[in-house]
Amino acid sequence: MSAGMAISIVFYILIAFITIYLAGKVQGVAYTVEGQTRKSFWNRLCLMGVFLILFLCSALRFDIGNDYRQYTQTAHEAFVGGYVVTEPGFNWLVRIIYTLTGGEYYEFVFAVFAFVNLVFFLKALYEQSVDFSFSFFLFMTLGLYFQTYNTVRYYLALAIALYAMRYVLNKDYLKFIFWILLASPFHKSVLLTIPVYWAASYAWKKWMIVSGVLFSAGCFLGKSIILKIALWFYPSYENTIYLEGGTSPISIVRGLLVLGLYFWYRKHTSESEDREFRLYAQLNLLSVVVCVFFSFLPVITRIAYYFSVTQLLMLPKIVYGIKEKKLRRNIKWIIIIACVIYFAVFLAGANKPGVGLLPYRSWLFETERYLYK
């Protein structure tokens, strides 16, 4: 391992440690008749610190991420009117930023995506989790924050989908559809969440689950037909390396472990299952099924992430619901240790092709720029 990579790994660990520490200081927001209390003030200060650290690290990066350079070229083509396969939202945003800045300053494009991604992710975790600090810990140690350095359009859509999930739980479907439609011009795959999130909010009968698994297995057997249908929606993947398919065994194992913990929790609690728990559990089941039976589809893990991202909210809810104090503490520590190990493995492979997170570089200290004619 080179010195640059070692320093970058330490840098990423420090980012995670400092922001997790600040997130741990955040508690419920308190107000008085006169205005904000000291508690509310420190909450906002810590949240702002978390946001600024993560935003600056993302916005100031240079050539970090497996598609950073490709995005700079795509942005150039979108600006000059060339052929691009990106959705219109990205193309319009690039043209607006490049016009306002008077040049092809792609750094501003990445900064805008970093800003919006973090706003929606942090807002979703803070307002929808029973334990913000624990959810944020999962957000960092499961590598989700660092993965936003790649495929920025997709992670913007994912962040908005997680935020919009609240409206499904509240049965405010018009607002849910509004936010998903707002995200779709940046990554149209998010449209899949409209029928799936709605369906997952209702209780699935056992025969429905069995039928769904059998149907998925049938799709795997008839994958040539399913692949043709998928390429009709995403023709840009045709004749590319993405057709090799593939999935993440770690994501499958993680999904199975979360489901196992959920079923253990349901067996050991006398409380009735609420709508929120059911949504999270059924989406996690769906993520496992998708990763197992649809691995032949291009970048299927992106689809699965729309479902498995609920783990950020589901795991804290399980821990919070355990009444026995000692057992609750032990379960939480098991999850923490597992996530720390996961984070270490993630960083160890962060320089691999398809990840491209090491070594960290910032355009503040680089003279190189990607220029196109």
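Not measured: the values here are computed from a predicted model.

Moving on: the overall build of the protein. In terms of helices and strands, the protein carries 17 helices and 0 strands. On C-alpha atoms alone, the protein measures out to a radius of gyration of 21 Å, which is about the 21 Å that the 2.2 N^0.38 rule sets for 373 residues. Across the 373 residues that make up the protein, the buried fraction comes to 50%. Taking all contacts inside the protein whose residues are at least 6 apart in sequence as the whole, residues at least 24 apart take part in 75%. Surface summary for the protein: the accessible area is close to 18,900 Å², and the carbon and sulfur share equals 68%. Of the charged side chains in the protein, 34 are positive and 19 negative, and the gap between their average positions amounts to 8 Å.

Residues Tyr12 and Phe139 are the most contacted members of the largest nonpolar core, which totals 120 residues. Looking at this core element by element, the count peaks at 16 residues for helix 8 (residues 152-169). Leave out the neighbours within four places in its chain, and Tyr12 touches Ile64, Phe146, Tyr149, Phe343, Leu347, Leu357, Leu358 and Tyr360.

Once that is clear, we can look at the environment of Ile303. With respect to the helices and strands, the residue Ile303 is situated in helix 15 (residues 300-308). As for Ile303 and Asn91, which are separated by 212 residues in sequence, their C-alpha atoms are 22 Å apart. With near-sequence residues (within four places) excluded, Ile303 lies in contact with Tyr154, Ser189 and Leu192.

The next thing to look at is the confidence of the model for the protein. Mean pLDDT over the protein: 88, with 91% of residues reaching 70 or higher. For the protein, helix 12 (residues 223-233) is the element with the lowest average pLDDT, namely 72, and helix 9 (residues 173-183) is the one with the highest, namely 97. Across residues 29-35 the pLDDT falls below 50, and counting only partners more than four positions away or on other chains, this stretch makes 11 contacts in the model.

With that settled, the discussion passes to helix 15. With 7 of 9 residues buried, helix 15 is to be regarded as a mostly interior element. Summarising the contacts, the buried residues of helix 15 are in contact with helix 7 (144-147), helix 8, helix 10 (193-200), helix 13 (249-267), helix 14 (275-293) and helix 16 (311-321).

This part is about the pattern of salt bridges. If you walk through the whole model with that rule in mind, you get 11 salt bridges. Note that Arg369 and Glu107 form a salt bridge whose closest N and O atoms lie 2.9 Å from each other. Placement of the pair is Arg369 in the segment after helix 17 (325-348) and Glu107 in helix 5 (residues 106-128), with a sequence separation of 262 residues. The salt bridge partner of Glu366 is Arg361, with a shortest N-O separation of 3.2 Å. Residue Arg361 is classed as partly exposed on the basis of its relative accessible area of 23%. Look at the salt bridges and you will find they share partners, linking Asp63, Arg361, Glu366 and Glu368 into a network.

Cis geometry is adopted by the peptide bond preceding Pro359, which originates at Leu358 and carries an omega value of -10°. Tracing the sequence through the fold places Pro359 in the segment after helix 17. With phi around 55°, Asp63 is a residue other than glycine that occupies positive phi space. Take Asp63: it is sitting in the loop between helix 2 (38-59) and helix 3 (68-80). For Asp63, a relative accessible area of 24% corresponds to the partly exposed category. One non-glycine residue with positive phi stands out, namely Lys171, at about 60°. Locating Lys171 in the fold gives a position in the loop between helix 8 and helix 9.

What counts as what
- Residues numbered from 1 in each chain as written.
- Predicted model: local features only at pLDDT ≥ 70, side-chain atom pairs only at ≥ 80, totals over all residues.
- Heavy atoms only, no water.
- Helix = DSSP H or I, 4+ residues; strand = E, 2+ residues; numbered from the N terminus.
- Rg over C-alpha atoms; globule rule 2.2 N^0.38 Å.
- Buried < 20%, exposed > 50% of the residue type's maximum accessible area, 1.4 Å probe, protein only.
- Contact = heavy atoms within 4.5 Å.
- Areas by Shrake-Rupley, 256 points an atom, 1.4 Å probe, with all protein chains shown as cover.
- Lys, Arg positive; Asp, Glu negative; His and termini not counted.
- Charge placed at Lys NZ, Arg CZ, Asp CG, Glu CD.
- Core = buried A, V, L, I, M, F, W, Y, C linked by side-chain atoms within 4.5 Å.
- pLDDT = per-residue confidence, 0-100.
- Salt bridge = Lys/Arg side-chain N within 4 Å of Asp/Glu carboxyl O.

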